[in-house]
Amino acid sequence: SRLISRPIHATRRQPGWDSASFGYHSDDGQAFHGHGASGRPLGPACSPGDVVGAGYSLLSRRVFFSRNGVFLGAPYVAPAQLMPLYPLVGLDSRAPVEFNFGASPFALDTASLPPSLHRPATSKFARVTSLEAAVRSALACVVPAWGPAG
């Protein structure tokens, strides 16, 4: 699962490997932003059938990830100039992917997100009055049942 602020052209770079995107990589469980040289350990590698989610708090601009409905953490704060963020998935194989943009309940219960997620990282943030409006779970991605590319 990834979030991105602007269109990118298909390259051999995965989401999170440039300054305009954030990514949780299913092969190693690391989060990336700005470069692909090193990620931040965030969670386990994914297994077939896992549901990976990405979102951000509109209050704090903290980017968070989840796996199978479990909050993994919020390793980055998106700069204001990157807002809004949009969902993006990068594949290096031919794998089926399913998306959930809110037509079905998200695997992660957004009401259970830690309150610290919404604490502003800076004093410059948009004023939003409801928690529901403050959280945008942008993407749920299902890892193919036959397993990730290796």
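From a predicted model like this one, the values you see are computed outputs, not experimental measurements.

Caption draft 1: Representation of the nonpolar core in the model. F22, Y24, L42, V63, F65 and L85 are the most contacted members of the largest nonpolar core, which has 16 residues in total. Looking at this core element by element, the count peaks at three residues for strand β5 (residues 51–57).

Caption draft 2: Main features of the environment of D109. Considering the arrangement of structural elements, one finds D109 in the loop between β8 (86–88) and α1 (131–134). Separated by 39 residues in sequence, D109 and V70 have C-alpha atoms that sit 8.6 Å apart.

Caption draft 3: Broad picture of the pattern of salt bridges. A complete count under the given rule lists one salt bridge for this structure. Among the ionic pairs, R67 bridges to D50, the shortest N-O distance being 2.8 Å. Linking R67 in strand β6 (residues 62–67) with D50 in the loop between β4 (40–41) and β5, this pair joins segments that are 17 residues apart in sequence. In this structure, R67 and D50 share a single accessibility class: buried.

Caption draft 4: Representation of the side chain of N100 in the model. Residue placement: N100 occurs in the loop between β8 and α1. Using a relative accessible area of 13% as the deciding quantity, one classes N100 as buried. A polar atom in the side chain of N100 sits 2.8 Å from the backbone nitrogen of G102. Within polar-contact distance, the side chain of N100 engages the backbone oxygen of P105 at 3.3 Å.

Caption draft 5: Fine view of the pairing of strand β7 (residues 70–77). The pairing of β6 with β7 spans five bridges and is classified as antiparallel. Residue pairing across strands places R67 opposite V70, the latter belonging to β7.

Caption draft 6: A look at the side chain of S21. Structurally, the position occupied by S21 is in strand β2 (residues 21–25). Overall, S21 belongs to the buried group, its relative accessible area being 0%. Here the side chain of S21 touches G16 through a polar contact of 2.6 Å, landing on its backbone nitrogen. Among the polar contacts made by the side chain of S21, one reaches the side chain of D18 at a distance of 3.0 Å.

Caption draft 7: Geometry of the packing of aromatic side chains. Inspection of the entire model under this criterion finds five aromatic pairs. Arranged with centres 5.8 Å apart and planes meeting at 5°, the rings of F99 and F101 form a pair that is stacked. The exposure class of F99 is partly exposed, given its relative accessible area of 44%. Judged by its relative accessible area of 56%, F101 is exposed.

Conventions used here
Residues numbered from 1 in each chain as written. Predicted model: local features only at pLDDT ≥ 70, side-chain atom pairs only at ≥ 80, totals over all residues. Heavy atoms only, no water. Core = buried A, V, L, I, M, F, W, Y, C linked by side-chain atoms within 4.5 Å. Buried < 20%, exposed > 50% of the residue type's maximum accessible area, 1.4 Å probe, protein only. Helix = DSSP H or I, 4+ residues; strand = E, 2+ residues; numbered from the N terminus. Salt bridge = Lys/Arg side-chain N within 4 Å of Asp/Glu carboxyl O. Polar contact = N/O pair within 3.5 Å; in protein donor to acceptor, adjacent residues only side chain to side chain. Pairing = 2+ DSSP bridges. Phe/Tyr/Trp six-rings, centres within 6.5 Å; stacked < 30°, edge-to-face > 60°.

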